[in-house]
Amino acid sequence: MKRRLLLSGYLLLTVCLFAQRPPKPEAPKVYQETPTKINDLVHTKLEAGFDYTKSQLNGKVWITLKPHFYPTDSLLLDAKGMDIKEVAVVKGGKNSTLKYNYDGLFLNIDLDKTYKNNEAYTVYISYTAKPNDFKSKGSAAITDAKGLYFINPLGEDKEKPTQIWTQGETEATSVWVPTIDRPGQKTTQEFYLTVPAKYVSLSNGKLMTQKKNTDGTRTDYWKMDLPHAPYLFFIGVGDYAVVKDTYKGKEVSYYVEKEFEPVARRIFGKTPAMIALFSKLTGVDYPWVKYAQMVARDYVSGAMENTTATLHGETAQQDARELTDNNRWEEVIAHELFHQWFGDYVTAESWSNLPLNESFATMGSQLWNEFNYGKDAAMEERYNSAQGYLHSNSDKKELVRFQFNDKEDMFDAVSYNKGGAILQMLRHQVGDSAFFKSLNLYLTANKFKAAEAHQLRLAMEEVTGKDLNPFFNQWFFGSGHPKLNITYSYNSAAKKTVVVVEQTQTGDKLFTLPVAIDVWNSPVPARYNVVVKNKVDTFMFDVPSQPVLVNFDADKILLADKTENKTLDNYLFQYKHATNYVDRRQAIDAALKVQAEVGGVQILMEALKDKYAPLRAYTANSLDMSLTQVKNAVEPTLFEMAQKDNNRLARAAAIAKLGQYRFAKYATLFKAAINDSSYTVSGNALEALNKIDTTAAFTEAQRFSAQALKGKLASATKSIMNSRDKGTATKVLSDFEAMPLGQPKFQALDGVFELIASTSDLDLFKRGIDDILALGAAIPENFREQAMGQIYTALRAVAKEKVASGLADQAAYVESKLPKDDKKGM
């Protein structure tokens, strides 16, 4: 399961922002035991038809089971909100009616006899599933839990396709088929799906046959020969184009709305290469019969790793111009695919062990970036993910935890972001060869089974020969992370460099941290491997003269909050020589805090020419153009970037900053860039042109307004058109205010920022500012601090632009709304 992201041209929350519910009062946490197994699922055969007028599923299911160990004469199934019509045991091809009790959630069946653990039996149930009548609650990652979704079933919305799709995680499969809805259960399956003949269907396993019926329907027979967990059951139905690739003769397919058929491979086409990489790294060749990916409207999460049939939210669908910037969904595609090994092939036995699924999937997209795009891309994703955890106020939660109020609480920045970082630390500690060999052992020893974190530890220990209990106790079963104050000094008399590391986290807990320290006094650093383990540790190294840089955590592996007493000269050297992405990013961030200083500008000038385009774009976007020395220093470089940078997002960032000069000499550049195929380049150029020639910009906006646009160009066009029409601008804000908290509102945030940036109307401006701050205040508490920090940063940038535009009253209103310690630099 991939969480939804808050994405905006003004904001990019690196924490996966699961939106949607206000924080609940903290309740006493309850021990969540692993579900007791009385009966084991063996096989599930389903015949399903769909009533589009009622949004219901009419089903017949045959469930084959065995007692787990002890003899039993009863069967308890999850069956949520159904009409149960018949329950029987199947003997010799005939049904014998069974007695049962049903309370709307659980179906308690009295079996015809006591069965021993070597005796299989099959029960038959006829039922109607009524998902819209079932009152359910979702989680921060999954906004609803009714399991089965009919999208525009009667076709009343002409702008939306008619679709059916399911979402099983955590335990919502039992809303549409009776089962033992627990992650530790495994079953093979056969699904016979009767659907309108004009639609295609998708389910787990292989499509065996298709039979046309006389009533305009078709029955598709999907067979899953290998066992998997019930929450991974999937049904998808709709009017899709199916684009097919292969991996070693196995079908790899992409189900997209027909308008996206021409770009389906640009969105999903790296999937076969991802399968090959993950097969190689794990030593387990892709184990399933096929791999399909479907895109759904109104999806309740980001994406879901249903076995052989991943479902993606509609954000995955991007047109050719959007893909010109980048494929925003590629990391999600990799994340879900890695689940086919970690989550589907081997499944967490309980929700307490969810990190065995989600931490690995988080690592999976990082591995794809590393081996396909290089270390900078991997370290950027790892850095952003770690920051998402560090800013989430989740330091009281263990990674594997048995004390929580609701299983949905496990879907957070700990299970995803922190867990991914912990796995990378473990990989670094044992080495790549041992790490991936251990993963192979873990996967093969537990294939088609459920596992817990100790089984991962045991596999690691068997391969490495090391006792890894201390690591697992500290990181998997312990909470929090180290907060380190690191100071560097040089004792010239003793000719020693001194590094003092103080653990400042609250409480008595101290972390044991193997870490590398690089001491630079020549083009090649001297590396020292040390262990931090006390409240205060002092390390001294013989160095003939004062080093130009001492770099703690030289490989940038630790998950920790770190404060260091480095100078700008240290950071400049670090940027140029310690070439890890995080080293350079830290140097850039240090410079951004002191842009008024010569040393800060020097680092930023270097960073605008960084070899890695996202760092060039990040630096350009972060420049403080209210500082004359910054504007004067960077103008030639920005002009060159705006003309020649081979990365669209870096070019777009440079164009946006050039626009702030308000120089008519750049009009030709902006007018040319308006016609770029990138929405971001075109949109930024349109805004830049509007700063120097409002008439020309409005003419271009009128031309664009008749087109179907997305992204930055859509918001820029709308903003310029709205700036001439207060009624339209007011409607933008009214619509935004009426939207419930969720992904559509986050996406609409861009338009509000565009409006406040372009309007000279003080009342509209104030209302827009208030709307943005209200959204930030409504974000779930765990993620609010990071979100508000980024909102304040964006608002400060707006205020500086207003000062430059002579709209001091608007800038003053922003300042009045910021916390006192966020008004610096206004």
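What you see is a predicted model; the values in this text were computed from it and never measured.

**Student:** Tell me what's going on with the pattern of salt bridges, and back it up with residues and numbers.
**Tutor:** In total, this model carries 41 salt bridges according to the counting rule given. A salt bridge links Arg265 to Asp245; the nearest nitrogen and oxygen atoms lie 2.8 Å apart. Highlighted residues: Arg265 in helix 1 (residues 264-268) and Asp245 in strand 17 (residues 241-247), separated in sequence by 20 residues. With a relative accessible area of 17%, Asp245 lands in the buried category. Among the ionic pairs, Arg457 bridges to Glu461, the shortest N-O distance being 3.0 Å. Linking Arg457 with Glu461, this pair stays in helix 9 (residues 453-464), spanning four residues, or about one helical turn. For the pair shown, Arg457 and Glu461 are each scored as buried. Ionic contacts of the salt-bridge type, sharing partners, join the residues Asp78, Glu171 and Arg182 into one network.

**Student:** Give me the lowdown on the packing of helix 6 (residues 375-390) against helix 12 (residues 581-592), citing residues and values where you can.
**Tutor:** At a minimum axis separation of 9 Å, helix 6 and helix 12 run at an interaxial angle of 60°. One way to sum up the angle between helix 6 and helix 12 is to call them oblique. Listed contacts from helix 12 to Asp376, Met379, Glu380, Tyr383 and Asn384 of helix 6 are Tyr581, Val582, Arg584, Arg585 and Asp589. In terms of residue class, the contact of helix 6 with helix 12 is built from four nonpolar, one polar and five charged.

**Student:** Tell me about the packing of helix 11 (residues 568-577) against helix 13 (residues 598-607), and name the residues and values.
**Tutor:** Here helix 11 crosses helix 13 at 10°, and the two axes come no closer than 9 Å. Considering their axes alone, helix 11 and helix 13 lie roughly parallel with respect to each other. Across the interface between the two elements, Leu568, Tyr571, Leu572, Tyr575 and Lys576 of helix 11 pack against Gly599, Gly600, Gln602, Ile603, Glu606 and Ala607 of helix 13. Residues of the contact of helix 11 with helix 13, tallied by class, amount to six nonpolar, three polar and two charged.

**Student:** I'd like a description of the sheet that holds strand 28 (residues 526-532), backed by residues and values.
**Tutor:** Ordered by their spatial adjacency, three strands build an open sheet running 28-27-30, and the pairing between neighbours is antiparallel. The sheet is open, and its two edges are formed by strand 28 and strand 30 (549-552), each paired on a single side. Between one strand axis and the next, the sheet turns by 20° as a mean value, whatever way the strands run. Two strands pair when backbone bridges link them, and strand 27 (residues 513-520) and strand 30 are joined in this way by four bridges, in the antiparallel orientation. Its bridge partner lying in strand 30, Ile517 is registered against Phe552.

**Student:** With reference to specific residues and values, describe the side chain of Asn306.
**Tutor:** Here Asn306 shows up in the loop between strand 20 (303-304) and strand 21 (309-313). By relative accessible area, which is 0% here, Asn306 ends up buried. Those residues within four positions of Asn306 in sequence are excluded, and the remaining contacts are Asn204, Tyr231, Leu232, Phe233, Phe234, Leu311, Gln340 and Asp344.

**Student:** Can you tell me about the packing of aromatic side chains, naming the residues and giving the values?
**Tutor:** Summed over all chains, the structure comprises 42 aromatic pairs. One aromatic cluster is present, formed by Phe278, Tyr286, Tyr291, Phe338, Trp341, Phe342, Phe360 and Tyr442 through successive ring pairs. Lys45 extends its terminal NZ or CZ atom over the ring of Trp62, reaching a point 4.9 Å from the ring centre. Sitting over the ring of Tyr618, Arg585 keeps its end group 3.9 Å from the ring centre.

**Student:** I'd like to hear about the sheet that holds strand 29 (residues 536-542), residue by residue, with values.
**Tutor:** If you trace the four strands from one edge of the open sheet to the other, you get 29-26-25-31, paired in mixed fashion. Sheet topology places strand 29 and strand 31 (561-564) at the edges, where each strand pairs with a single neighbour. Taking each pair of neighbouring strands and ignoring which way they run, the sheet shows an average axis angle of 20°. When strand 25 (residues 483-491) meets strand 26 (residues 496-503), the two strands line up antiparallel, connected through eight bridges. Considered in strand 26, the bridge of Asn485 is made with Glu502.

**Student:** Which residues make up the nonpolar core, and what are the values?
**Tutor:** Counting residues in hydrophobic clusters, the biggest one holds 91 residues, and the most contacted among them are Phe278, Trp341, Leu456, Phe476 and Phe552. In terms of residues, this core owes the most to one element, helix 7 (residues 414-430), which gives seven residues. Those residues within four positions of Trp341 in sequence are excluded, and the remaining contacts are Ile275, Phe278, Ser279, Thr282, Val284, Asp285, Tyr286, Pro287, Val346 and Leu443. Membership of the second largest hydrophobic core comes to 65 residues, among which are Leu65, Val123, Val177 and Met294.

**Student:** Explain unusual backbone geometry residue by residue, including any values.
**Tutor:** The amide bond that connects Glu169 to the next residue, Thr170, takes the cis arrangement and shows omega of 10°. Secondary-structure assignment places Thr170 in the loop between strand 11 (163-166) and strand 12 (187-196). The backbone of Asp298 sits at a positive phi, close to 55°, despite the residue not being glycine. Looking at the secondary structure, you find Asp298 in the loop between strand 19 (290-296) and strand 20. The residue Lys556 is not glycine, and still its phi comes out positive at about 55°. Looking at where Lys556 falls in the secondary structure, it is placed in the loop between strand 30 and strand 31.

Scoring rules and cut-offs
- All residue numbers refer to positions counted from 1 along the written sequence of the respective chain.
- In keeping with the model being predicted, local features are shown solely for residues with a pLDDT of at least 70 and side-chain atom pairs are shown and tallied solely at 80 or more, while totals for entire chains, interfaces and linings include all residues.
- In computing side-chain values, all of the structure's heavy atoms are included and hydrogens and water are not.
- Salt bridges are identified by distance alone: a Lys or Arg side-chain nitrogen within 4 Å of an Asp or Glu carboxyl oxygen.
- Per the convention used, a helix needs a DSSP run of H or I reaching at least four residues, while a strand needs a run of E reaching at least two, with both numbered from the N terminus.
- The buried label goes to any residue with under 20% of its type's maximum accessible area, the exposed label to any with over 50%, and the partly exposed label to all in between, with areas taken from a 1.4 Å probe on protein chains only.
- Orientation is described by axes fitted as lines to C-alpha atoms, over the contacting stretch for helices, and by angles from 0 to 180 degrees between their N-to-C directions.
- By definition in this entry, angles of less than 35 degrees are roughly parallel, angles greater than 145 are roughly antiparallel, angles of 65 to 115 are roughly perpendicular, and the rest are oblique.
- In this description, contact between two residues means that some pair of their heavy atoms is separated by no more than 4.5 Å.
- Under the scheme applied here, ten amino acids are nonpolar (Ala, Val, Leu, Ile, Met, Phe, Trp, Tyr, Cys and Pro), four are charged (Asp, Glu, Lys and Arg), and all others, including Gly, are polar.
- One requirement defines pairing of two strands: DSSP has to find at least two bridges between them.
- Under the pairing criterion, centres of Phe, Tyr and Trp rings, with the six-membered ring standing for Trp, must be within 6.5 Å; the plane angle then separates stacked pairs below 30 degrees from edge-to-face pairs above 60, leaving the rest tilted.
- Only when the NZ of Lys or the CZ of Arg is both within 6 Å of the ring centre and within 35 degrees of the ring normal is a charge said to sit over the ring.
- Note on terminology: a nonpolar core comprises buried Ala, Val, Leu, Ile, Met, Phe, Trp, Tyr and Cys residues joined through side-chain atoms within 4.5 Å.

Everything listed here is a matter of coordinates, which is why it stays silent on function.
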